[in-house]
Amino acid sequence: MAGLELLWAAPPARPRRACPSRYYFDSRGVVRLYEMTFAERAWALQRTSADFSPLDFSQRWEAELSADGDGIQGRWLDRSDEGEWSHDFELTYTKLAMS
């Protein structure tokens, strides 16, 4: 599966929205728009309503940027209906040294 994501301050599909967004699409035809927030070193994404794709389940990304700026440790959560959020998977981004 191949995919691409774009991050920006005002998505073209919803120009009146004030929050930054993440636009995701992949080779399966999945297209999703996530609301995005940053506070200090905390980074969050959330999708709780249908947009370009139907909403079969809600998704949330919670992450923290490392103090040295070389990594991001996060996790994806999902939920059906209005139930409790459940852990989906962990994800770590690490900046590699250039030689």
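The structure contained in this document is the topic of the report that follows. (Residues numbered from 1 in each chain as written. Predicted model: local features only at pLDDT ≥ 70, side-chain atom pairs only at ≥ 80, totals over all residues. Heavy atoms only, no water.)

### Considering the packing of aromatic side chains
Under the counting rule described, the total for this entry stands at seven aromatic pairs. With centroids separated by 5.7 Å and ring planes inclined at 10 degrees, the aromatic side chains of F38 and W43 adopt a geometry described as stacked. Among the residues examined, W43 registers a relative accessible area of 11% and is labelled buried. Pairing W61 with W76 gives two aromatic rings, centres 5.5 Å apart and planes at 40 degrees, and the pair type is tilted. One end of the pair, W61, is in strand β5 (residues 58-65); the other, W76, is in strand β6 (residues 71-79), with 15 residues separating them in the sequence. No difference in accessibility class separates W61 from W76, as the two residues are buried. Among the aromatic residues, those joined into a ring-pair cluster are Y34, F38, W43, W61, W76 and Y93. One Lys or Arg, R22, reaches over the ring of Y34 and ends 4.9 Å from the middle of that ring. (Phe/Tyr/Trp six-rings, centres within 6.5 Å; stacked < 30°, edge-to-face > 60°. Buried < 20%, exposed > 50% of the residue type's maximum accessible area, 1.4 Å probe, protein only. Helix = DSSP H or I, 4+ residues; strand = E, 2+ residues; numbered from the N terminus. Lys NZ or Arg CZ within 6 Å of the ring centre and 35° of its normal.)

### A short note on the nonpolar core
Residues Y24, V30, Y34, M36, W43, L45, W61, A63, I72 and W76 constitute the largest nonpolar core, which totals 10 residues. Those elements that provide at least two residues to this core are β3 (31-39), β4 (42-47), β5 and β6. If sequence neighbours within four positions are ignored, W43 has contacts with M36, T37, F38, W61, E62, A63, L65 and I72. (Core = buried A, V, L, I, M, F, W, Y, C linked by side-chain atoms within 4.5 Å. Contact = heavy atoms within 4.5 Å.)

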